[in-house]
Amino acid sequence: AKTIRLILGDQLNARHRWFKTKNSETLYVMMELGQEADYVLHHRQKVLAFFKAMRNFSNALESAGHRIFYLRLEDARNQQSLTKNLLWLLEETGAKHIECQQPDEYRLDHQLKSWAGANNIDIKWFDTEHFLTGRNALKDYFPDTDNYLMETFYRKVRSEHDILMEDGKPIGGRWNFDKENQRKLPKSQSVTEPLVFANDVSDIDNMLSKQNIKTMGNVNPKQLIWPVNRKQAQQLLSYFCEFGLPNFGRYQDTMTTDNITPGAHWSLFHSRLSFALNTKMLHPLEVVHSAVEHWSNNKDTISLAQIEGFVRQVIGWREFVRAIYWKFMPEYKNNNALNHTRALPSYYWNAETKMACMHHSIQQSFDYAYAHHIQRLMVTGNFALLAGVSPDALDDWYLGIYIDAIEWVELPNTRGMSQYADNGLIATKPYISSANYMKKMGHYCSQCHYDPNKKTGDKACPFNSLYWHFINRHKEHFENNHRMGMMYQVWNKKSDDEQNALIQQAEHYLKTINEL
Ligand code: FAD
Ligand code: SF4
C-alpha cells in the first residue's frame, strides 16, 4: 500500500468522503489499544461498545471492498500504543503517506502531531465531516467579544442550517421554549420502555479479562444494550422520534424511580443517542432532520416546544461545548476556579449512600453506563460542587463511567457547566441547589432516608446545609454576581444562630461525608 489511512475508534462515519472511492493502494487501519482502554478507568459497557462498533465498522468497510487492517487488542504484534503501532505499520507495509481525520480529543491530536514532528512524518489531515461548526467556531461567531453565550451561538447555527426557520425567523416566533418545558413527571404519565439491543459481545468480554483490562460497572456481555452499528443507531433514532420526542422537552429535567416508571426510570424520554452520535455512526444533521420531519408530520401530538428543546441540545449545546473545548485546551483541563480539593466520596464507586437521589443516579450509571443530563448536573454534579470535590477527580469519574464520555464533550460539561471550575465561561452561575429543586422535579425525596424539608438536626437532607455552606464559603466569589444576589440577600437576612447552625450541620456532614 502507498497510503495508510487511520480510523480512530470514534470516527465510525461510513459516509465520509474517504469511502466514496476504492483504491487498492490505500490501507485503512483500525486498532484496539491498551492506551485507549486504560487512560482512565472505563465502564466495561463503554469499552465493549467501542470495540464492538469498531469491529462492525471494519467488517462493513471490508464488505464494501476497501482494504483494511484491523489490529485486535490481543494480537501479539500490538504494542498497545497508537504511534508505536503506526511506525511499525509504515515499515511493514512500506507506505509512504499517512492520512488522518482530525481527532476530537486534544490528547490524541497532540500525540499524533508530536509523533509526526519527531519522526519527520507529514500527516495529511482531513475533516471528520461530522460537526456543523469548526474547531474555531468561537472566533467566527464571537469576533468582538469573549462573552460566549450558548443562546447566541445556537441561533447562529440554527439560522445557518435553516432548522425550524421560516422566512429567516424562528418558527413560532420564538427561539426558546425552556419555560414551557422542564416539568415534573406526573405519576399517572406512562413512559414507554427504552429500546435496548442484545448484542453478544462475550468474545470481547473474554478478551478484556485475558488482557487484564480493568473496568468498572455491570454488564451482561450476551446482551449489550447499546447500538453498535449504523442500523441499530438508526433504529434508536426512529424509536426516539416516535416515543421520546412527544414528551422530550416537557420532562427533560425530571427524575424518577423504578417503582413509578418500571423499566424506564433511567431513560425516560431521553434519546440515548449520545454514543451513536459521539462515535459518528450518526450525523447530527441526520438526527435533527429526522426529528424535525417526524414533528412536522405529527404536529397534533408533538408541540413545537418538544422539538425545539431537542434541536437545541444537538446543534446548540453539543457544538458549543466542543467550540469551548478547542478554544481553551489544554489550559482548560487545569481550571479550578473555586479551589476545590476534596476526594471523591466513596459512594461514587459503589452507590452505597442513604441519599436516595445519589443512590439511584449512581446505581443506574453502573447498571447502564448512562445517566440523563439532570442526574449528571443536578444530582452527582451538584452534590460534588456543594461538597467541594476536586474537579480532577470528577473528570476521571465522568470520563470513565458514561457510555458517551469522550473528553471534548465530557470536560466542558464537567469542569465548566457542572463545577464552575472555568469561572463562569459556560455557566453564568453555578448549578447548585438544595433539596427544593429535587423535590420539585423528581420522585427521589419521598423515598429517602433524609428529610428534604429539614435543614439541620437528625435526618436533615445534606443538600440543604451544604448549599448554604457553599454560599457562605464562596461569598467573595459570588456575592456580586447579579444572578446570585437574591441568594446572598436571603443568607444575609438569616440570624447568626441560624447561620451557625447551618454551617455546623454542613461541617459535620463534610467530616463524615463517606457515611452519608
Ligand atoms: P438527550 O437528552 O436525548 O439529548 C440529545 C442529545 O443532545 C444528546 O445525545 C447529546 O448529543 C446532546 N446533548 C445534550 N446535552 C448536551 C450537553 N450538555 N453537551 C453536549 N451535548 C449535549 N455528553 C456526552 O455526550 N458525553 C459526555 O461525556 C458528557 N458528560 C457530561 C458530564 C456532565 C457532568 C454533564 C452535566 C453532562 C454531560 N454530558 C455529556 C451532556 C449530557 O448529559 C449527555 O449528552 C446526555 O445526557 C446524553 O444522553 P442522551 O443521548 O439521552 O441525551
Ligand atoms: Fe436527595 Fe435530600 Fe431528596 Fe434525599 S431528601 S433524595 S438526599 S435531595
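A. Focus on helix 4 (residues 106–118). In a regular helix each residue adds 1.5 Å, so 13 residues correspond to 18 Å; helix 4 covers 18 Å between its end C-alpha atoms and thus fits that length. Those residues of helix 4 not exposed but buried are Leu-108, Asp-109, Leu-112, Trp-115 and Ala-116. Projected onto a plane normal to the axis of helix 4, the buried residues spread over an arc of 145 degrees and lie on a single side. Exposed residues lying more than 90 degrees from the buried face of helix 4 are Gly-117 and Ala-118. The elements touched by buried residues of helix 4 are strand 1 (3–6), helix 1 (34–37), helix 3 (82–93), strand 5 (97–101), strand 6 (123–126) and helix 11 (304–328). Immediately beyond the C-terminal end of helix 4, within one or two residues, lies Asn-120, with a positive phi of roughly 55 degrees.

B. Unusual backbone geometry, seen in detail. With an omega of 5 degrees, the peptide bond between Met-329 and Pro-330 qualifies as cis. Structurally, the position occupied by Pro-330 is in the loop between helix 11 and helix 12 (356–368). The backbone phi angle of Lys-280 is positive, close to 75 degrees, even though this residue is not glycine. With respect to the helices, strands and loops of the structure, Lys-280 is situated in the loop between helix 9 (274–278) and helix 10 (284–297). The class of Lys-280 is buried, set by a relative accessible area of 2%. The phi dihedral of Tyr-420 falls on the positive side, at around 55 degrees, and the residue is not glycine. As for its position among the elements, Tyr-420 is in the loop between helix 15 (407–418) and helix 16 (435–441). Assessed through its relative accessible area of 6%, Tyr-420 is described here as buried.

What counts as what
Residues numbered from 1 in each chain as written. Chains lettered and ligands numbered in written order. Predicted model: local features only at pLDDT ≥ 70, side-chain atom pairs only at ≥ 80, totals over all residues. Heavy atoms only, no water. Helix = DSSP H or I, 4+ residues; strand = E, 2+ residues; numbered from the N terminus. Expected span 1.5 Å × (residues − 1). Buried < 20%, exposed > 50% of the residue type's maximum accessible area, 1.4 Å probe, protein only. Arc of directions from axis to C-beta. Contact = heavy atoms within 4.5 Å.

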